[in-house]
Amino acid sequence: MTRPSEDNGAPRASGAGERPSLPGALYEAGLPVDMLTDEQRLVLSELTEEELAVLLDIKSRLDAVEPEVQAHGEIAGGALF
């Protein structure tokens with residue numbers, strides 16, 4: 001996902017057709033934020049620094065095991081079908 005150019009990282013209220021801004025770190029971490037509803041984006045835009053750090057830590061841990069999980073899924077899927 002690419003970070004929108006108008007995003008300055010500061011939360012803004014949803015309204016007048018504008019989507020809430022999200023911290024750039026969410027885009028940089030590769031979270032699928034473009035697929036979220038405006039309500040979900042608003043929740044993420046209001047995260048504290050500590051909450052954002054926890055979310056990004058969890059994402060990095062999931063990414064660390066992703067290749068192993070994907071490999072098992074591909075092997076199992078090929079064996080079963």
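In this text, all values refer to a predicted model and were calculated from it rather than measured experimentally. (Residues numbered from 1 in each chain as written. Predicted model: local features only at pLDDT ≥ 70, side-chain atom pairs only at ≥ 80, totals over all residues. Heavy atoms only, no water.)

A. Spatial organisation of the overall build of the protein. Counting secondary structure elements, the protein contains three helices and zero strands. Reading the helices (α) and strands (β) of the protein from amino to carboxyl end gives α-α-α. Buried positions account for 19% of the 81 residues belonging to the protein. Summed over its atoms, the accessible surface of the protein is roughly 5,800 Å², and 60% of this surface lies on carbon and sulfur atoms. (Helix = DSSP H or I, 4+ residues; strand = E, 2+ residues; numbered from the N terminus. Buried < 20%, exposed > 50% of the residue type's maximum accessible area, 1.4 Å probe, protein only. Areas by Shrake-Rupley, 256 points an atom, 1.4 Å probe, with all protein chains shown as cover.)

B. Seen up close, the side chain of serine 45. Position of serine 45 relative to the elements: it lies in helix α2 (residues 38-45). Residue classification places serine 45 among the buried positions, given a relative accessible area of 5%. There is a polar contact of 2.7 Å between the side chain of serine 45 and the backbone oxygen of leucine 42. (Polar contact = N/O pair within 3.5 Å; in protein donor to acceptor, adjacent residues only side chain to side chain.)

C. Main features of the pattern of salt bridges. Summed over all chains, the structure comprises two salt bridges. Between arginine 61 and aspartate 57 there is a salt bridge, with its nearest N and O atoms 2.5 Å apart. With arginine 61 and aspartate 57 both in helix α3 (residues 49-80), this residue pair falls four residues apart, about one helical turn. What makes arginine 61 exposed here is its relative accessible area of 55%. On the basis of relative accessibility, which here comes to 36%, the residue aspartate 57 falls in the partly exposed class. Across the salt bridge formed by lysine 59 and aspartate 63, the nearest N and O atoms sit 2.7 Å from each other. Note that lysine 59 and aspartate 63 are positioned in helix α3 at a spacing of four residues, about one turn of the helix. The class of aspartate 63 is partly exposed, set by a relative accessible area of 32%. (Salt bridge = Lys/Arg side-chain N within 4 Å of Asp/Glu carboxyl O.)

D. Region of interest: the nonpolar core. One finds Leu22, Leu26, Tyr27, Leu31, Val33, Leu44 and Leu52 forming the largest nonpolar core, which totals seven residues. Leaving out residues up to four positions away in the same chain, leucine 44 has contacts with Leu22, Pro23, Leu26, Val33, Leu36 and Leu55. (Core = buried A, V, L, I, M, F, W, Y, C linked by side-chain atoms within 4.5 Å. Contact = heavy atoms within 4.5 Å.)

E. Molecular detail of α2. Within α2, the full set of buried residues consists of Arg41, Leu44 and Ser45. Considered in projection along α2, the buried side chains sweep an arc of 100° and stay on one side of the axis. Away from the buried face of α2 by more than 90 degrees, exposed residues Glu39 and Val43 are located. (Arc of directions from axis to C-beta.)

F. The arrangement of the confidence of the model for the protein in detail. Chain-level statistics for the protein give a pLDDT mean of 74 and a share of 60% at 70 or above. Considering each helix and strand of the protein separately, the mean pLDDT is smallest for α3, with a value of 75, and largest for α2, with 93. Below pLDDT 50 for its whole length, residues 1-14 participates in 29 contacts with residues either more than four positions away or in separate chains. (pLDDT = per-residue confidence, 0-100.)

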